[in-house]
Amino acid sequence: MMEILKTLGLFAVTALAEIIGCYLPYLWLKEGKSFWLLIPAAISLGMFVWLLTLHPQAAGRVYAAYGGVYIFTALMWLWAVDAVRPTVTDWIGVMICLIGVVVIMYGRQLINDT
């Protein structure tokens, strides 16, 4: 169970790095904010890539599972930054995605342990 929580935590930090790395250029392009936001954006996206390499599983499996945690993090961003409260169906969808993350990353181990 600790390994699953550690993986989800690492994915959450990874998703935050990706969202920040994409949000800062958005502010520059759509809201006329400073061009200098592209520097921390590039650093954040570099951290995103590096964080993805910290998982011992195959890259494709990591990318597939990461998507579910990204969806959760994007929903939290929607609430915290965009001030839009997620709906019940948003929460249901996120739970389905997070269950998928655990199945993708640890399903073989869970099945083999029984």
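Colleague: Please give an account of a nonpolar patch on the surface that cites residues and values.
Modeller: On the surface, Trp28, Leu29, Phe35, Trp36, Ile39, Ile43 and Met47 cluster together into a nonpolar patch covering about 780 Å² of accessible area. Contributing elements (two or more residues each) for the nonpolar patch: helix H1 (2-31) and helix H2 (38-52). Examining the composition of the nonpolar patch, we find that three residues originate from one element, H2, more than from any other. Of note, Trp36 is situated in the loop between H1 and H2.

Colleague: Run through the state of the cysteines, naming residues and quoting values.
Modeller: Under the definition given, this model contains zero disulfides. In this structure Cys22 is not part of a disulfide, and its nearest cysteine sulfur, from Cys97, lies 18 Å away. Residue classification places Cys22 among the partly exposed residues on the basis of a relative accessible area of 42%.

Colleague: Let's hear about H1: which residues, and what values?
Modeller: An ideal rise of 1.5 Å per residue puts 44 Å on 30 residues; H1 measures up with 41 Å between its terminal C-alpha atoms. Every buried residue of H1 is accounted for by Ile4, Thr7, Phe11, Thr14, Ala15, Ala17, Glu18, Ile19, Gly21, Leu24, Pro25 and Leu27.

Colleague: Outline the packing of aromatic side chains, listing residues and values.
Modeller: One pass over the full model with this rule turns up eight aromatic pairs. A centroid spacing of 5.0 Å and a plane angle of 70° characterise the contact between Tyr23 and Trp77, whose relative ring orientation is edge-to-face. You can see Tyr23 sitting in helix H1 and its partner Trp77 sitting in helix H3 (residues 59-80), a full 54 residues away along the chain. Tyr23 gets classed as partly exposed once you look at its relative accessible area, which sits at 21%. Relative to Phe35, the ring of Trp28 lies with its centre 5.7 Å away and its plane at 75°, an arrangement referred to as edge-to-face. Judged by its relative accessible area of 31%, Trp28 falls in the partly exposed class. By relative accessible area, which is 47% here, Phe35 ends up partly exposed. Linked through ring pairs, Phe11, Phe48, Tyr66 and Tyr70 together constitute an aromatic cluster.

Colleague: Talk me through the environment of Gly67; I want residue IDs and the actual numbers.
Modeller: With respect to the helices and strands, Gly67 occurs in helix H3. A C-alpha to C-alpha distance of 9.7 Å links Gly67 and Gly100, two positions 33 residues apart in sequence.

Colleague: Please give an account of the nonpolar core that cites residues and values.
Modeller: If you look at the biggest cluster of nonpolar residues, it comprises 14 residues, and the most contacted ones within it are Phe11, Tyr66, Val101 and Met105. Contributing elements (two or more residues each) for this core: H1, H2, H3 and helix H4 (88-112). When near neighbours in sequence (up to four residues on either side) are disregarded, Met105 contacts Thr7, Phe11, His55, Gln57, Arg61, Val62 and Ala65.

Colleague: Outline the environment of Trp28, supporting the account with residue identities and numerical values.
Modeller: Inspection of the secondary structure puts Trp28 in helix H1. In contact with Trp28, not counting residues within four places along its chain, are Lys33, Ser34, Phe35 and Leu38.

Colleague: How would you summarise the confidence of the model for the chain if you had to cite specific residues and measurements?
Modeller: Considering every residue of the chain, the mean pLDDT works out to 90; 98% of them sit at 70 or more. Per-element mean pLDDT across the chain ranges from 89 in H4 up to 96 in H2.

Calculation criteria
Residues numbered from 1 in each chain as written. Predicted model: local features only at pLDDT ≥ 70, side-chain atom pairs only at ≥ 80, totals over all residues. Heavy atoms only, no water. Patch = residues over 30% accessible without salt bridge, like charges linked within 9 Å, V, L, I, M, F, W, Y side chains within 5 Å. Areas by Shrake-Rupley, 256 points an atom, 1.4 Å probe, with all protein chains shown as cover. Salt bridge = Lys/Arg side-chain N within 4 Å of Asp/Glu carboxyl O. Helix = DSSP H or I, 4+ residues; strand = E, 2+ residues; numbered from the N terminus. Disulfide = S-S within 2.5 Å. Buried < 20%, exposed > 50% of the residue type's maximum accessible area, 1.4 Å probe, protein only. Expected span 1.5 Å × (residues − 1). Phe/Tyr/Trp six-rings, centres within 6.5 Å; stacked < 30°, edge-to-face > 60°. Core = buried A, V, L, I, M, F, W, Y, C linked by side-chain atoms within 4.5 Å. Contact = heavy atoms within 4.5 Å. pLDDT = per-residue confidence, 0-100.

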